[in-house]
Each structure stands twice: as structure tokens, then as C-alpha cells.
Amino acid sequence: MSDAIRSALAGERLSRAAAMSLVDAPLAGMLEGAAELRDRGHGDTVTYSRKVFIPLTHLCRDVCHYCTFAEPPKKGEAAFLSPEQVLEIARAGAEAGCNEALFTLGDKPELRYRAAREALEKLGYETTLDYLAAMADLAFTETGLLPHLNPGLMDLDDLKRLRAVSVSMGIMLESDSEQLLARGGPHFGSPDKEPQLRIDCMDAAGEAAVPFTSGILIGIGETRADRLSSLLRLRDLDDRHGHIQEIIVQNFRAKPDTKMKDAPEPSLDDLLWTIAAARLIFGPEMHIQAPPNLSPGVLPQLVGAGIDDWGGVSPVTPDFVNPEAPWPHLEKLAGETRKAGKQLVQRLPLYQEYALKPDRWLDRRFVKPVLDRIDGQGLVRDNVWSPGDHDMVPGLPEIAASDRLSPILERAAAGHALTEAEIVRLFQARGDDFRAVAEAADALRREVNGDTVSYVVTRNINYTNVCYFKCQFCAFSKGKLSENLRGRPYDIGLDEIGRRVEEAWARGATEVCMQGGIHPDYTGATYLDIARRVKAAAPDMHVHAFSPLEVHQGAATSGMPVSEFVRQLREAGLGTLPGTAAEVLDDEVREVLCPDKLRTEQWIEVMQAAHGAGFRTTATVMFGHVDRYPNWARHLLRLRELQSETGGFTEFVPLPFVHMEAPIYLKGRARRGPTFREAVLMHSIPRLVFHGLISNIQTSWVKMGPEGVKSCLNAGANDLGGTLMNETITRAAGASYGEEMPPEAMEALILAASRTPRQRTTTYDDAPAEQVRKSFGAAPLADVVNTPAARYDRDRRPQRLVRPGLEA
């Protein structure tokens, strides 16, 4: 193995001299190094884009000697596809499940052909790029397909204009060798193939923040040194702007009726060498692509050389650039990918890193359509399910589990702490890897909890929906200071709280779970009064109440440390605290989602104080909005560290983001919740991460629905939470479940999952027999009284509103 390869594997960026030394590097060592780098960056995934190919025009002012796409005008044939033809192709693609509309066309044909100028004039456009912009806009507006444009050379103004109608663009560098432009060379007579012009175009694309595709074409007369030089020029561009989303290594194929019909094609070893060189030069993170239809029969070898993407594959249209090479059927492509030990996963025309940062890389009109289609990794959602929508529940994959993740799963089962990278890798699990994670978690669940599934008879009391915080995910809070003004603001009085508590006790409840908005008139005394009122109404009722945000606000408005306030809460009758308001414990997320709420360290400090005062609490995560897998991993690791220190968490509760009525989703700035795979994994992976520390993993029937719950019970969960009585927060967000699931229905659900039901208390003891008896066949709930919120009492209000996130 050469020094350059060893340097690349050590994480060093290859200097120009080191990169150029690869000319003489043995192929075996290059393949070994490239494969390792590929796996570091992309794991077991190979991506593709499901596209429809729209050849807007075959006219081109260039005359590349290997090309059959470009054609001169033909009598009786239209110079451009009509708008009707564009829509016909786009609609066929949309019906076939495509996400990408790939517009390919010749470079500025109107500069060479009168027929092109006349056709454009008849269509009502001055230039080909004008018409392209209109047709890309038409395809997106009418079908929702995301346009990717390959129109040839563009200046900065062109790029800015086309950025408004597309999500990505591309131009192949092909080669930076000037020799190819000489007489007899493949680019002779093709002014747009001047390397510097193409470099300038890509530089402008970076300035315009366009996710851009480029690459090299090998076997057209260039040397290996030319290829390395071309790759280095592309790397320089990406260093400046970070916009080069993929590098294509395309092998020349000799085509009939071209000047190069008899030219030799590059060998397989030559192609593998070039792919490996690209991976070594660009490192593990860059996406390296090789078109699968140009190398049939050897696709696993291409993966082994370092690619992680197959490019666009169309189930509808042929490859008009390489018409002699049909696309492989997607099932066959998936099979060939499996032979290489990888999984085929669909992406959008813009790669996942760019899809996850839409505010930087996309025109505003595309942000919501892109976010609607992606998961937390930025890849295409694999089904239409979202939390709170229980009509289309996919279930666990009916396939055998893989063993690729065995080292990580075995470490978790042994109780070892996993790293952030290992947890991220588990969240990336798909297909048979997904099955393996679920089965490993289920095995630990069986070891720790047996086949018993617990639940608690509880009543949720959300005492006010008035809140002065502006959490972007919340559809519950109301009032003029809140983010969302739908619905009537209310503020329940102590008498109504007491009535609901008494009714709940009579119906067999052992717990009341109480949280609400942060009303601007509330102080620490408010929370103490609520706790006392519950205990007065039902002395044996367990009070599970007050999020860390409420505790922090109560302490601040009372002018005392959190530690003293939690002591007073205990004296007032508080039994345990819900670990809500955590959302995602990573300030990168919180700055977008809830900037004025508790910061990560503040949330942890409240929990440390609560645990230090002898309180047990739950721990939660609310996920699937603007977050990514590394954020989830950090959240879990922070909870694990805290649990190792205090031992205060009784359970972990995943709360999938319900998007339907959430302000941040309605503004087009969030995904539509986690995918089903992600939601299940958020039950499985915590079972693995917290093994030996947190014994109970709860699944939310409100958010997952009955069928989703069954999958989670087979993937690490052992608890169904509460029967609820009057749950309103998730219903306000648009979920189709909420309100109440009585013990009869709860136990029927558990039995249907082939498990044994157990009614428990908040702290996981068996529920008292008398309360269990009363919980079955309980009388219907009386109508609740939600007292309309009065005007805010400025005389009682704290001198300032507590906004810990802005004060940290």
C-alpha cells in the first residue's frame, strides 16, 4: 500500500503531489483503501434517485465526437419538446413514484441553429435557458417532481434564475485536459467543452448556493494524470463552496454512428482505478457515483472500488444520453447491491446533506416539498405513515435479520456505552439491519421484563393552554403570546382540578398527570396550590406533574433555587416529575425548535436537582422535525450519563413529532414526523443504549396507534403508558387518537400482541387491587369545564417573564 493511500486512511487530505502519485499505485491497494473510506462515510448504503428523463431538446451547438444525444435539426421534427410533451413525461414519472425530473438538453443550440431560434420564438421565448426555466417550473407546479437541470454552461445570473425552479443542477467537467480540444480530439469544435469555462460555471454555482453535480468521463483520450488533475480541480471547487454533491466517474462507451465508434473503451481495471482514486482524493464523505447501466455484470466490483451511489434510475424513460445501455430494473439493481453487502436506498435529486439544510441550499418554494419527502438522514421516506395517522401502519420488515451490526449490538447487550457514531449507525439501519436492531432490542426486553406489558390508569389534566413560550412544534398552547392562536384559551380553576381528580379516583386511577402551558400569571405558588388541591381531593392519588420547564419557572418566579423549590413541591404532595420539555437535548436543535425554552444544560440541572431531592422522573424525546440522527444520539448519551450519575429515571418515553397542526410544519420548516422505521428504532435503540440503567421503554398508543404499538412491543418496548382520560396535547397537534384507552381496550391490545397485561403504579409497582377493580367498567367521564382564560392580571404577574433559553 502506497504512502498516499496510508495517508488517506489516516484521515489526511492528500496534497496534489500525493494525489498525483496514485498514477503508479497498485490497484489492489487502492481498492482496499477506497473501500474502507467508502464504508467509513456511507456504511452499508448505496443510494439512487428515482427519476424521469426529460430531453427538452437534442439540439446542441457542440459536436462531441462520442455523443449520440446531440442531433442537428431534422425536417419535420420539432426542435424542442412542447409543454404538453413535457407534462406527459413528467406525469408518467410521478405516477411511477419518481421524485426527480431530470432535464437534459444541448448547450445553447440557438447560437448555432436558426431552427432553434425560430422554434423558441414560436414558443414565446428568447433563449433555451428561458424555455428550460418555464418547463421546469411547469413540471414542478403540475406534478410535484423536483427538477434537476443539466443545461450546459451558465453564468451567475443564469444559475440564480434557474435555482428558483430547480433543486439541483449539474455539468460534467469530463476532463481538464486542453489536448482534447485539439484537432482530432473528441472535443474539437465544441466551444462549451473548454475546461476553464466549465470550472467558471461550477464556481458561479457555488456562489449561487446550488447543489451541483459534476464528474469526469474516462477513456476519451485523456491520461490517468489528467483524471487525477481533473478530480483535484473539482475538489478545489468544493473546498471553496461546499456545493459539489457528487462526483460521477463515467466510462466511455463507443456508440455507432459517431466519430469514436471504433475507439477502445476503458477496461474494468481502468474504471475501478479511477473510482478508487476519486474516493481517495475526496475522502469518506463525498458521494461517488458510477452509472450502473454502463457496467452491467460488474456492479458489486464498482461498490468495492468506492462508489456509494448509482445516480438516477428511471422506471419510465430510457437513458437518452446512452440509449444503447438500458437502466437495470430496480429489483435487479437492489440485488446487485446486496451482492456487494450493501442496501439500496432512494434519495432525492439533491443529496441528503443538502436536503437537511434546505434554508441554505434551496429556493424557499422547495423547502417544504423536500422536507415532506425525507427522513432524519435526508433520504426518501419509505412510506406515507406519520405519527398520529394510524391508517397506514407498515409493520416490521418480514425479512431475516442481518449480522452486519453484530459488533455494536453485542457491545450494547453487554452493557457497554456506545459511541455517538455507533448510535448514529444504528439509526441508519434499514431492511435486514433494521430487523436485526429490533430483534436485539426485543431480546433484551425479554431478558429484563419478560413478556409482561404494563400500563397505568391515569388522568391527564392540562390545566391551561395559555403559554408565553413560542415553541415551534406546539399546537396546544393558545393565547395572544403563543405561537398558535387556534382554539379558545382556558385556565382551569382549582375546584375543577379537584373534581377531575375525585372522578379519576372513582374510576380506578392511581395517578394524575398534570402539565400545561406556562401562563404569564403563574408563579411557583400556582404549582404548589395545584399539588395541594390534588392531595386534598384524593389523598392516595399519585401526583405526576410539572415539566422541568415549569419547575424552573416556578423556582425563578419564587426567587429561590430549583433545589429548594423541588423540596417544597415534595412537601405539597408531588410524587414524580415527567421528563418532558426535553424535546431533543442538543442546543443545535433547540435554537430552532424552542429558542426561549430551557437549554440542554438547564434541563439536565433541573433533573439533577429533582433526582437529588429523591424524586423519580421519566425521560422523553420528541423527535422527527428539524433534528438529525447525530442529535438523537447526543440526546440518548446525555440521558445515559445522567442516569449513570443519579439513577432517577423510571422509564424512557419516545414521543414522535405529530406534524399536522404544528406551527413549524405549517410554516414549511419541518419534516412530517419520523418515518415508521425511525419511530420503531427510537424504541429499540434506547433499549440497547440504556441497558442495565433504564429498564422500561414506553410506547405511546396516542402517537403510534394500536398497530404501531404492536410493532414497538416486538422491538424493545414493554410499557404502554397511561389510559389518559382527556389527553389533549397530541389531539391538538392533529393525531387521530387521544382522549382515553380504558383498561379493557388496553389489555385487549396487549393480549393481541401475545403479551401479559399488568396494571401498574407510576413507579412500576402493582396497582392496588381495589383501584384495578374500579378501573374496569368505569362510568363515562362527565363533561369537563375548561374555564375561559381571563385577561392576564398584570398586578399579579412576575416582574419579568422567565425565558431561560434566552438568558443562558
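What this report covers is the structure whose coordinates are included nearby. (Residues numbered from 1 in each chain as written. Predicted model: local features only at pLDDT ≥ 70, side-chain atom pairs only at ≥ 80, totals over all residues. Heavy atoms only, no water.)

**Looking at the overall build of the chain**
- Summing up its helical and strand segments, the chain has 32 helices and 18 strands in all.
- Its C-alpha radius of gyration of 30 Å places the chain within 12% of the 28 Å reference for a compact globule of 808 residues.
- Taken along its principal axes, the extent of the C-alpha atoms in the chain is 95 × 55 × 45 Å.
- Buried residues in the chain amount to 62% of all 808 residues.
- Within the chain, residue pairs in contact and separated by at least 24 positions form 77% of the contacts whose partners lie at least 6 positions apart.
- Carbon and sulfur atoms make up 50% of the accessible area of the chain, which totals about 29,600 Å². (Helix = DSSP H or I, 4+ residues; strand = E, 2+ residues; numbered from the N terminus. Rg over C-alpha atoms; globule rule 2.2 N^0.38 Å. Buried < 20%, exposed > 50% of the residue type's maximum accessible area, 1.4 Å probe, protein only. Contact = heavy atoms within 4.5 Å. Areas by Shrake-Rupley, 256 points an atom, 1.4 Å probe, with all protein chains shown as cover.)

**Description of the sheet that holds strand E14 (residues 574-577)**
- The sheet built from six strands is open, its strands ordered E11-E12-E13-E14-E15-E16 with parallel pairing. The open sheet terminates on both sides in strands that have one partner only, identified here as strand E11 (458-461) and strand E16 (649-656). Between one strand axis and the next, the sheet turns through 25 degrees on average, direction left out of account. (Pairing = 2+ DSSP bridges. Axes fitted to C-alpha atoms, helices over the stretch in contact; angles between N-to-C directions.)

**With respect to the nonpolar core**
- Core analysis: the biggest nonpolar cluster contains 124 residues, and Met 514, Phe 546 and Trp 603 have the highest contact counts within it.
- Counting residues per element, this core draws most heavily on helix H27 (residues 676-689), at eight residues.
- Dropping the residues within four chain positions of it, Met 514 is found in contact with Ile 461, Tyr 463, Ile 497, Ile 530, Val 534, Val 543, His 544, Ala 545 and Phe 546.
- Counting residues in hydrophobic clusters, the runner-up holds 90 residues, among them Ile 54, Ala 136, Leu 149 and Leu 333. (Core = buried A, V, L, I, M, F, W, Y, C linked by side-chain atoms within 4.5 Å.)

**Section: the packing of helix H4 (residues 83-95) against helix H6 (residues 128-143)**
- Where H4 contacts H6, the two axes come as close as 10 Å, and the packing angle between them is 40 degrees. By the criterion of interaxial angle, the relationship of H4 to H6 is oblique. In terms of crossing hand, the pair formed by H4 and H6 is right-handed. Residues Pro 83, Val 86, Leu 87, Ala 90, Arg 91 and Ala 94 of H4 lie in contact with H6, whose contacting residues are Tyr 131, Met 135, Leu 138, Ala 139, Glu 142 and Thr 143. (Parallel < 35°, antiparallel > 145°, perpendicular 65-115°, else oblique. Left-handed = near helix turned anticlockwise from the far one by under 90°.)

**With respect to the packing of aromatic side chains**
- If you walk through the whole model with that rule in mind, you get 15 aromatic pairs.
- Their ring planes at 65 degrees and their centres at 5.2 Å tell us that Tyr 527 and Phe 546 sit as a pair that is edge-to-face. Note that Tyr 527 is positioned in helix H20 (residues 524-537) and Phe 546 in the loop between strand E13 (542-545) and helix H21 (548-558), a separation of 19 residues in sequence. No difference in accessibility class separates Tyr 527 from Phe 546, as the two residues are buried.
- Here the aromatic rings of Phe 652 and Phe 690 are separated by 5.3 Å at their centres, their planes lie at 65 degrees, and the arrangement is edge-to-face. Of this pair, Phe 652 sits in strand E16 while Phe 690 sits in the loop between H27 and helix H28 (701-713), and the two are 38 residues apart along the sequence. (Phe/Tyr/Trp six-rings, centres within 6.5 Å; stacked < 30°, edge-to-face > 60°.)

**Let's talk about the layout of surface pockets**
- Of the voids in this model, the second largest pocket is the one considered here, and its volume is about 680 Å³.
- Contributions of two or more residues to the lining of the second largest pocket are made by helix H12 (330-339), strand E9 (343-347), helix H18 (432-449) and H27.
- Among the residues forming the lining of the second largest pocket, the class breakdown is 10 nonpolar, five polar and nine charged. (1 Å grid on protein atoms, 1.4 Å probe; cavity = no way out; pocket = protein on both sides within 12 Å on 5 of 7 lines; lining within 4 Å. Points joined across faces, edges and corners; volume = space filled by probe spheres on them. Nonpolar A, V, L, I, M, F, W, Y, C, P; charged D, E, K, R; others polar.)

**Let's talk about unusual backbone geometry**
- Although it is not a glycine, Leu 724 sits at a positive phi angle of roughly 85 degrees.
- If you trace the backbone, Leu 724 turns up in the loop between strand E17 (719-722) and helix H29 (729-732).
- Residue classification places Leu 724 among the buried positions, given a relative accessible area of 10%.
- Residue Tyr 764 is not a glycine yet carries a positive backbone phi of 75 degrees.
- You can see Tyr 764 is positioned in the loop between strand E18 (756-760) and helix H31 (769-775).
- Taking relative accessible area as the criterion, Tyr 764 reaches 13% and is therefore assigned buried.

**Examining a negative patch on the surface**
- Residues Glu 601, Glu 605, Glu 641 and Glu 645 make up a contiguous surface patch of negative charge.
- Counting only elements with at least two residues in the negative patch, the list comes to helix H24 (600-612) and helix H25 (629-646).
- Turning to its location among the elements, Glu 645 is positioned in helix H25. (Patch = residues over 30% accessible without salt bridge, like charges linked within 9 Å, V, L, I, M, F, W, Y side chains within 5 Å. Salt bridge = Lys/Arg side-chain N within 4 Å of Asp/Glu carboxyl O. Lys, Arg positive; Asp, Glu negative; His and termini not counted. Charge placed at Lys NZ, Arg CZ, Asp CG, Glu CD.)

**Quick notes on the state of the cysteines**
- Under the definition given, this model contains zero disulfides.
- The thiol of Cys 67 is unpaired, and the distance to the nearest cysteine sulfur, on Cys 64, comes to 6.1 Å.
- Taking the relative accessible area as the measure of exposure, Cys 67 reaches 27% and is therefore partly exposed.
- The structure places no disulfide on Cys 201, whose sulfur is separated from the nearest cysteine sulfur, that of Cys 60, by 14 Å.
- Looking at Cys 201, the relative accessible area reads 2%, which means it is buried. (Disulfide = S-S within 2.5 Å.)

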